[in-house]
Amino acid sequence: SQQGEEDPQALSIQEGENATMNCSYKTSINNLQWYRQNSGRGLVHLILIRSNEREKHSGRLRVTLDTSKKSSSLLITASRAADTASYFCATDETSGSRLTFGEGTQLTVNP
Amino acid sequence: DAGVIQSPRHEVTEMGQEVTLRCKPISGHNSLFWYRQTMMRGLELLIYFNNNVPIDDSGMPEDRFSAKMPNASFSTLKIQPSEPRDSAVYFCASSLRATNEKLFFGSGTQLSVL
């Protein structure tokens with residue numbers, strides 16, 4: 001079963017705008033990761049945030065984690081057409097040893 | 001570094017045939033994962049190995065699926081006999097340690113069972 005649920009399922013924006021995607025999960029976690037998948041390709045790791053961290057930045061990416069609400073958000077600032085892809089959150093549950101992926105958000109950035 | 005290498009890139013086969021998917025993880029990585037991706041079920045973990053030993057195969061759908069890792073640089077996922085519902089993209093991923101840190105994914109094998 002899926003641990004993480006992304007919201008929205010699909011997002012369409014104009015180039016230059018910011019894109020925000022959310023992930024909710026059900027159980028306690030050690031860390032939460034975000035991945036990107038371009039059409040027809042494998043997933044690419046973007047960023048990892050640990051359960052004792054609240055915010056992390058990497059270039060145009062900003063990730064927040066709220067363990068009390070069991071949720072995370074991924075913000076892509078100044079989006080580009082090349083950011084068009086599916087974005088997945090993945091959680092590492094404290095009770096298990098597997099990384100569980102959500103269903104993803106399909107982001108389309110229009111030039 | 002060449003990354004995780006999977007073969008074949010595409011596989012079309014008929015129901016009942018045996019299918020073997022191959023994976024070469026990144027050199028030095030201790031953990032290897034097989035995932036399956038479909039529109040209906042998303043990305044599912046099938047099995048993962050640590051130091052060539054299967055640790056968790058609870059995601060393997062049924063006995064028709066088997067996976068091996070004879071050495072640190074090679075793994076196979078076999079489906080015998082294949083069925084149309086096995087059609088999916090199969091990904092192999094590797095990571096440096098056993099815990100769920102950053103995964104490096106291959107490009108996947110698109111399997112179509114007719």
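Within each chain, residue numbers correspond to sequence positions counted from 1 in written order. To label them, take the chains in the order written and letter them from A, then take the ligands in the order written and number them from 1. Residues qualify for local features only when their pLDDT is at least 70, as the model is predicted, and side-chain atom pairs are given and counted only at 80 or more; totals for whole chains, interfaces and linings, by contrast, use all residues. For side-chain calculations, the full set of non-hydrogen atoms in the structure is used, while hydrogens and water are omitted.

Novice: Give me the lowdown on the environment of Ala88 of chain B, citing residues and values where you can.
Specialist: Residues and elements named next belong to chain B. Looking at where Ala88 falls in the secondary structure, it is placed in strand E9 (residues 88-95). Sequence spacing of Ala88 and Ser66 is 22 residues, and the spatial spacing of their C-alpha atoms is 16 Å. Not counting residues within four places of it along the chain, the set of residues in contact with Ala88 comprises Arg36, Gln37, Thr38, Thr109, Gln110 and Leu111. Strands here are runs of E lasting at least two residues and helices are runs of H or I lasting at least four, both read from the DSSP assignment and numbered beginning at the N terminus. Here a residue-residue contact requires only that any non-hydrogen atoms of the pair lie within 4.5 Å.

Novice: Now, about the sheet that holds strand E3 (residues 19-24) of chain B: what can you tell me, with residues and values included?
Specialist: All names here are of chain B. The sheet built from four strands is open, its strands ordered E1-E3-E8-E7 with antiparallel pairing. Edge positions in the sheet fall to strand E1 (5-7) and strand E7 (65-71), since each has one partner strand and no second. Going from strand to strand, the sheet's axes swing by 15° on average, the running direction of each strand aside. Two strands pair when backbone bridges link them, and E3 and strand E8 (residues 74-79) are joined in this way by five bridges, in the antiparallel orientation. Bridge pairing links Arg22 to Thr76 in E8. At least two bridges found by DSSP between two strands are what make those strands a pair. Axis geometry follows a simple rule: fit a line to the C-alpha atoms, using only the stretch in contact for helices, then measure angles between N-to-C directions, giving values from 0 to 180 degrees.

Novice: Got a sec to walk through the environment of Asn22 of chain A? Specific residues and values, please.
Specialist: With respect to the helices, strands and loops of the structure, Asn22 of chain A is situated in strand E3 (residues 19-24). For the pair Asn22 of chain A and Leu74 of chain A, spaced 52 residues apart in sequence, the C-alpha separation works out to 6.3 Å.

Novice: So what's going on with the interface of chain B and chain A? Which residues, and what values?
Specialist: Chain B puts 19 residues into the contact, and the matching count from chain A is 18 residues. Note on chain B versus chain A: buried area summed over both sides is about 1,600 Å², and carbon and sulfur give 42% of it. Whenever Lys or Arg places a side-chain nitrogen within 4 Å of a carboxyl oxygen from Asp or Glu, that contact is recorded as a salt bridge. Applying the counting criterion to the chain B and chain A interface returns one salt bridge. Ionic pairing is found between Arg50 of chain A and Glu101 of chain B, a salt bridge with its closest N-O pair at 3.3 Å. Counting of polar contacts relies on pairs of N or O atoms within 3.5 Å, with two restrictions inside protein: one atom must be capable of donating a hydrogen and the other of accepting it, and residues adjacent in sequence are counted only when both atoms are side-chain atoms. Our enumeration of links across chain B and chain A arrives at six residue pairs in polar contact (both at pLDDT 80 or more). Take the accessible area each of two parts loses on contact, using a 1.4 Å probe, and add the two losses: that sum is the buried area.

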